Each structure stands twice: as structure tokens, then as C-alpha cells.
Amino acid sequence: MKTNTSFLLFATVLVVVLIGTLTFEVCDGAPHGKALKLKFYDKTCPKAQQIIKTVVEDNAGFDPFLGALLLRMHYHDCFVRGCDGSILLDPTSKTQQVELQAEPNLSLLGFDVIDDIKTQVEAACPQTVSCADIVALVARDAISAPFGRQMWKVPLGRRDGRVSRASEAIANLPSASSNFSALLQLFVHKGLNIIDLVALSGAHTVGIAHCDVISRRLFNFTGKGDTDPSIDPTYAKSVKAHCSANSKNIVEMDPRSSFSFDTHYYKNLIQKRGLFESDASLVGNPFSAKLVNQFQNADAFFAQFAKSMKKMGAMDVLAGNQGEIRKTCHLRN
């Protein structure tokens, strides 16, 4: 990927001003999310959020990785056409693949939870609550469940999109092998900044990854059978031992802490134990490295993660008369 040096220099200088003393008080929401409201369904479907919370918590009791699955679904939805539920749509043509069929989305899970919630919400309030809002709420509720409190607020009022293209998912989703410049350029293009990049990357503190995603980094980084030198050798050895037998094996994204939404991910980055190249790149830039250090503090991380999630969740949303409210989340009306 070509990088516009002047553009990145401007973004970096802007970020230096924004960071200041790293108090993280500067990025609370995005202008294009003003149509969203915290109490959007209070009159039209007052039971909606409780229904969603109950279903998520019931399922979380059986699946400790549910938070990671639903958070990833929300990310993958928002980075393509904004947070419009387009990630949920099934194909209707043999010639036009949808987002769900794109390579980065083939391992997405948790759709059964969305379908269960939609069925119950439709029974309570027909064609009132969008699938896009459900995706945003389940991500919050699944991560929040172990804490017994809401970890961030979710403004509501998104409408569901009618368009879903695999090609757009491939073009817009961050890659595990992305370098820092590519990541920053993508985030800035979406209206996010370096603070959001480092905070939202903290989602990698929960969940698992398939070995084939990191195979090149481990076994053939430069095409000479070598390992990425930016990864701790001891950590690389342990991951290679697990992945060499079968590329379909899975590994923890945050070793020894992949069930807990915490700051352990940032501690790993400092020790050169980030699983992906994109993770490792965060300590290679001086400004993002400062943020990585700062986010080892739980209060700093949770506060900024909440702000960045609100900001991401408002990206390019459809509202008002745009889009639709689907009756079934995986089908257009």
C-alpha cells in the first residue's frame, strides 16, 4: 500500500497536539453520530435493551469468548459502510458476494445470538429496533457482563443498510499484517485517530486467532523461512510449536488472559508478545508507544476505550429515513 507521507505527517502532528499530557479528554464522539440518542427506544420499545442484555448474558454463561466474537462483529460491521448491520446480510445472488463471504469475515461467529435477539425484539416491538443497533448493543453487553455494569454508553437510532459487498470488506477492514502507517491511514480515513487506533486495538485482549493468520510471520516472514524479528523469541517459539502441526489450530490473542477484558494486552506489547504484526506495530511508533504505556493503567484504558467505541459506533450511520428496519437481520425487507 502506498502511503501519503505529507498526510501522515499532518495526522501525526495533529495527534501530538491532541495527546498533550495523555489525559484522553478530547475524543468523545463523532459529528456524524449526532442523529443517535441514548434513549432512542424509550417510548417505542422500552423493553428492547433488557431483552438484548438478558439474551447476551444467558449465552455468555456458556461461551467465555462471546464478548470477543460479538465485539469483532461490531468492528467488522462499522468499518465497512459504517455501522449499518450490512455484515449480517446473506447473499441473494451467485454473482455478487456479500461482506460475510469476504475472507476476513469467514471466521465470524455469534450470528445465532443476533437472530435469537431479533426474534424476541420483533415479538415485543415489530419493525422498530434495527439490526445495526442490536449489533452495537450486544458488543457492549457481552464485554460488560463480567463487570456487572455498562462499560460504555451506546447511542441508538441506526438504520439497517441494504447493500453488502465482499469487495468493500476486503478493502476496508484492517489486516493482521498491516504496518503502522497503513493502520493509521485507514483509521484517519474513517474519522478516527491514533488514540482510537491504540485503544480499539485493546480489544485483542480477548479472543483467539487461527494459526494460518500468523503463519507467515512465524515461519516465512521475508520468504526465507525466517521469523519476524519484532516478536519475542521465546514467545515465538511457543506459538510456533503450537501452530506447526496444523494451520487450523487456534492460539490465544492475549496469552494467559484471553478470557478477560483487561490491560494485559498492552503489557504483552511492551514485551514484544503481540500476536499480529499490526499489534507489534503499535510499539514501533513513538506516539502510539506512549499510549501503549499509558493504557497499562486500567482506568485510562477503560475510559478511552469507551470514548473510542462510541466514536466508532457512530461512523457513517444511516438514520432518519435512510436504510430500513429489517424484519430478519440476515435478509433485506
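Preceding this section is the structure that the text describes.
Quantities reported herein were computed from a predicted structural model and do not represent experimental measurements.

Caption draft 1: Highlighting the packing of helix H2 (residues 48–60) against helix H5 (residues 131–144). Running from N to C, H2 and H5 point in directions that differ by 50 degrees, and their axes come no closer than 9 Å. Classified by the interaxial angle, the pair formed by H2 and H5 is oblique. Here H2 and H5 pass one another in a crossing that is right-handed. In contact with Gln49, Ile52, Lys53 and Val56 of H2, H5 contributes Ile134, Leu137, Val138, Arg140, Asp141 and Ala142. Looking at the contact of H2 with H5, its residues break down into six nonpolar, one polar and three charged.

Caption draft 2: Representation of the pattern of salt bridges. Within the structure shown, the criterion is met by 12 salt bridges. With a shortest N-O distance of 2.5 Å, Arg216 and Glu277 are connected by a salt bridge. Of the two residues, Arg216 is situated in helix H9 (residues 211–219) and Glu277 in helix H12 (residues 277–281); the sequence distance between them amounts to 61 residues. What makes Arg216 partly exposed here is its relative accessible area of 39%. Since its relative accessible area comes to 17%, Glu277 is described here as buried. Here the salt bridges share partners, and the residues they tie into one network are Arg81, Arg165 and Glu168.

Caption draft 3: Just the packing of aromatic side chains, in detail. This structure, assessed with the given rule, holds 14 aromatic pairs. Between Phe65 and Phe259 the ring centres are 4.6 Å apart and the planes differ by 20 degrees, which places this aromatic pair in the stacked class. In this pair, Phe65 is assigned in the loop between H2 and helix H3 (66–78) and Phe259 in the loop between strand E2 (250–252) and helix H11 (264–270), connecting sequence segments 194 residues apart. Under the relative-accessibility criterion, Phe65 is labelled buried at 19%. Here a set of aromatic residues connected by ring pairs shows up, and it is made of Phe147, Trp152, Phe261, Tyr265, Tyr266, Phe295, Phe301, Phe302 and Phe305.

Caption draft 4: A look at the environment of Leu183. Positionally, Leu183 belongs in helix H7 (residues 180–189). Overall, the relative accessible area of 4% leaves Leu183 in the buried class. In sequence terms Leu183 and Ser281 are 98 residues apart; their C-alpha atoms lie 9.1 Å from each other. In this structure, Leu183 is in contact with Pro174, Ser178, Leu197, Ser278 and Ser281, ignoring residues within four places of it in sequence.

Caption draft 5: Structural context of the side chain of Arg140. Residue position: Arg140 is located in helix H5. When residues no more than four places from it in sequence are discounted, the contact partners of Arg140 are Gln49, Gln150, Met151, Trp152, Lys153 and Val154.

Caption draft 6: Structural detail: H9. Listing the buried residues of H9 in full gives Cys211, Ile214, Arg217 and Leu218. Along H9, the residues classed as buried sweep out an arc of 120 degrees about the axis, all on the same side. Buried-residue contacts for H9 involve strand E1 (208–210), helix H10 (233–243), E2 and H12.

Thresholds, definitions, all that
- Residues numbered from 1 in each chain as written.
- Predicted model: local features only at pLDDT ≥ 70, side-chain atom pairs only at ≥ 80, totals over all residues.
- Heavy atoms only, no water.
- Axes fitted to C-alpha atoms, helices over the stretch in contact; angles between N-to-C directions.
- Helix = DSSP H or I, 4+ residues; strand = E, 2+ residues; numbered from the N terminus.
- Parallel < 35°, antiparallel > 145°, perpendicular 65-115°, else oblique.
- Left-handed = near helix turned anticlockwise from the far one by under 90°.
- Contact = heavy atoms within 4.5 Å.
- Nonpolar A, V, L, I, M, F, W, Y, C, P; charged D, E, K, R; others polar.
- Salt bridge = Lys/Arg side-chain N within 4 Å of Asp/Glu carboxyl O.
- Buried < 20%, exposed > 50% of the residue type's maximum accessible area, 1.4 Å probe, protein only.
- Phe/Tyr/Trp six-rings, centres within 6.5 Å; stacked < 30°, edge-to-face > 60°.
- Arc of directions from axis to C-beta.

Shape is all these values report; function is a separate question.
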